[in-house]
Amino acid sequence: MEKPEKFNVGGQAVIEGVMMRGRDKIAVAVRQSNGEILVDVNPLCSIRKKYPVLKKPLLCGVVALFESLYDGIKALAYSAQAAGEEEEQLTKREMFMTIFSALLLAIVLFIVIPTWSMRFLHRFTEDPLMLNLAEGVLRMAIFLAYIAAISSVSDIQRVFQYHGAEHKTIYTYEAGLPLEVGNVRPFSTLHPRCGTNFLMIVMLISMFIFTFLGWPSLVERILARVLLMPVIAGVSYEIIRFAGCHAENAFVHFCIMPGLFLQKLTTREPDDSQIEVAIASIKAVLPPEEIMETRETDA
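The structure displayed is predicted, hence computed values, not measured ones.

About the thresholds
- Residues numbered from 1 in each chain as written.
- Predicted model: local features only at pLDDT ≥ 70, side-chain atom pairs only at ≥ 80, totals over all residues.
- Heavy atoms only, no water.
- Helix = DSSP H or I, 4+ residues; strand = E, 2+ residues; numbered from the N terminus.
- Buried < 20%, exposed > 50% of the residue type's maximum accessible area, 1.4 Å probe, protein only.
- Contact = heavy atoms within 4.5 Å.
- Areas by Shrake-Rupley, 256 points an atom, 1.4 Å probe, with all protein chains shown as cover.
- Lys, Arg positive; Asp, Glu negative; His and termini not counted.
- Charge placed at Lys NZ, Arg CZ, Asp CG, Glu CD.
- Pairing = 2+ DSSP bridges.
- Axes fitted to C-alpha atoms, helices over the stretch in contact; angles between N-to-C directions.
- Salt bridge = Lys/Arg side-chain N within 4 Å of Asp/Glu carboxyl O.
- Parallel < 35°, antiparallel > 145°, perpendicular 65-115°, else oblique.
- Left-handed = near helix turned anticlockwise from the far one by under 90°.
- Nonpolar A, V, L, I, M, F, W, Y, C, P; charged D, E, K, R; others polar.

Kindly report on the overall build of the protein chain, identifying the contributing residues and their values.
A count of helical and extended segments in the protein chain gives 12 helices and four strands. By principal-axis analysis of the C-alpha atoms, the protein chain measures approximately 70 × 45 × 40 Å. Among the 299 residues that make up the protein chain, the fraction classed as buried is 42%. Counted over contacts in the protein chain with a minimum sequence separation of 6, partners at least 24 positions apart contribute 66%. Of the roughly 16200 Å² of accessible surface on the protein chain, a fraction of 65% belongs to carbon and sulfur atoms. Considering the protein chain, the positive charge centre built from 28 side chains and the negative charge centre built from 32 side chains are found 5 Å apart.

Below is the structure:
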């Protein structure tokens, strides 16, 4: 019998742990202060299952982005509590306020500030193409500076080690190898479906699209960019899905090189104990037959 195609497992590093998304489950594995691994498994509830129209290209990407943001913040909050850094979980109201604050900060940092700053360049040129291109370059510079700044924080570097463990473990699953530390360790920490790669694609596509929007008033420019971001996110999602399925293609690999290079800042080599956490997380979301299949492959 032909083996079923493997599902694209996704994940995220959290505080002292890893969150993984499977076909119908989401799991967060956290290394507690006593050394034990605590695994929390919940059904994966997506609005796309209730409304199939949201599975259409572009719409799927926008929905997936917001669901990933929600699940990611929820997993971070849980991991902070499980690791002993926080006493209480976030309420739903606090969750939505956190997401709203994150989106507002992103709009200010990557849209309002770059486009407002072009007022100083406007003294030297009125060419809309040049102004929009310069704005895109400034947006990219802010983005890279932000990534570089957070990657230098010692506590964040440990999270980035778990990020590397997540990627290595997913590679091992995709290769059909037994989910064991020895098999996980040799794989790369850089993965084409990484969220860092997604953000880099968003930056590049927005730079290209915004270049041709002309140069209306500041308010109109900000509104246009905010309204177009869901479209750009949807396109970027489809690109990263395609790249994940065709990463071995030389041209595709070349196109995603900027995102892979940026992952050198957002991932670190994990130790064996961190890999163990990532393995516990991915095993919790896989069907039992897939775990057994990797064992049989080893035999």
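Alright, that's what it looks like, and here's the rest.
Can you lay out the sheet that holds strand 2 (residues 17-21) for me, pointing to particular residues and giving the numbers?
The strand order across the open sheet built from four strands is 1-2-3-4, with neighbouring strands paired in antiparallel fashion. This sheet does not close on itself; its edge strands, each paired only once, are strand 1 (10-14) and strand 4 (37-43). Here the strands of the sheet are splayed against their neighbours by 15° on average, with no regard to which way each runs. Where strand 1 meets strand 2, five bridges bridge the pair, whose relative direction is antiparallel. Bridge pairing links G11 to M20 in strand 2. Lying over the sheet, helix 2 (residues 59-82) contacts strand 1, strand 2, strand 3 (25-31) and strand 4, oriented at roughly 40° with respect to strand 1. Strands in contact with helix 5 (residues 154-174) are strand 1, strand 2 and strand 3; relative to strand 1, the strand with the most contacts, it is inclined by about 160°.

Which residues make up the pattern of salt bridges, and what values go with them?
Within the structure shown, the criterion is met by nine salt bridges. The partner of D71 in a salt bridge is R21, and the shortest N-O contact between them spans 3.9 Å. In this pair, D71 is assigned in helix 2 and R21 in strand 2, connecting sequence segments 50 residues apart. Comparing D71 with R21, the two get one shared label, buried.

Before we move on, can you summarise the packing of helix 7 (residues 195-210) against helix 10 (residues 257-266) with the specific residues and values?
It is the contact of helix 7 with helix 10, at a shortest axis distance of 8 Å, that shows an interaxial angle of 130°. Judged on the interaxial angle alone, helix 10 and helix 7 are oblique. The way helix 7 lies across helix 10 gives a crossing that is right-handed. Here T196, N197 and M200 of helix 7 come into contact with helix 10, specifically with P258, G259, L260, L262, Q263 and T266. Of the residues assigned to the contact of helix 7 with helix 10, the class counts are four nonpolar, five polar and no charged.

Break down the pairing of strand 3 for me, with residues and values.
Summarising burial for strand 3: six of the seven residues are buried, a large majority. When strand 2 meets strand 3, the two strands line up antiparallel, connected through five bridges. Bridging from a neighbouring strand, V18 pairs with A29 of strand 3. Hairpin remark: strand 2 followed by strand 3, antiparallel, with three residues in the connecting loop. Between the end of strand 3 and the start of strand 4, which pair antiparallel, lie five residues, with G35 showing a positive phi angle near 95°.

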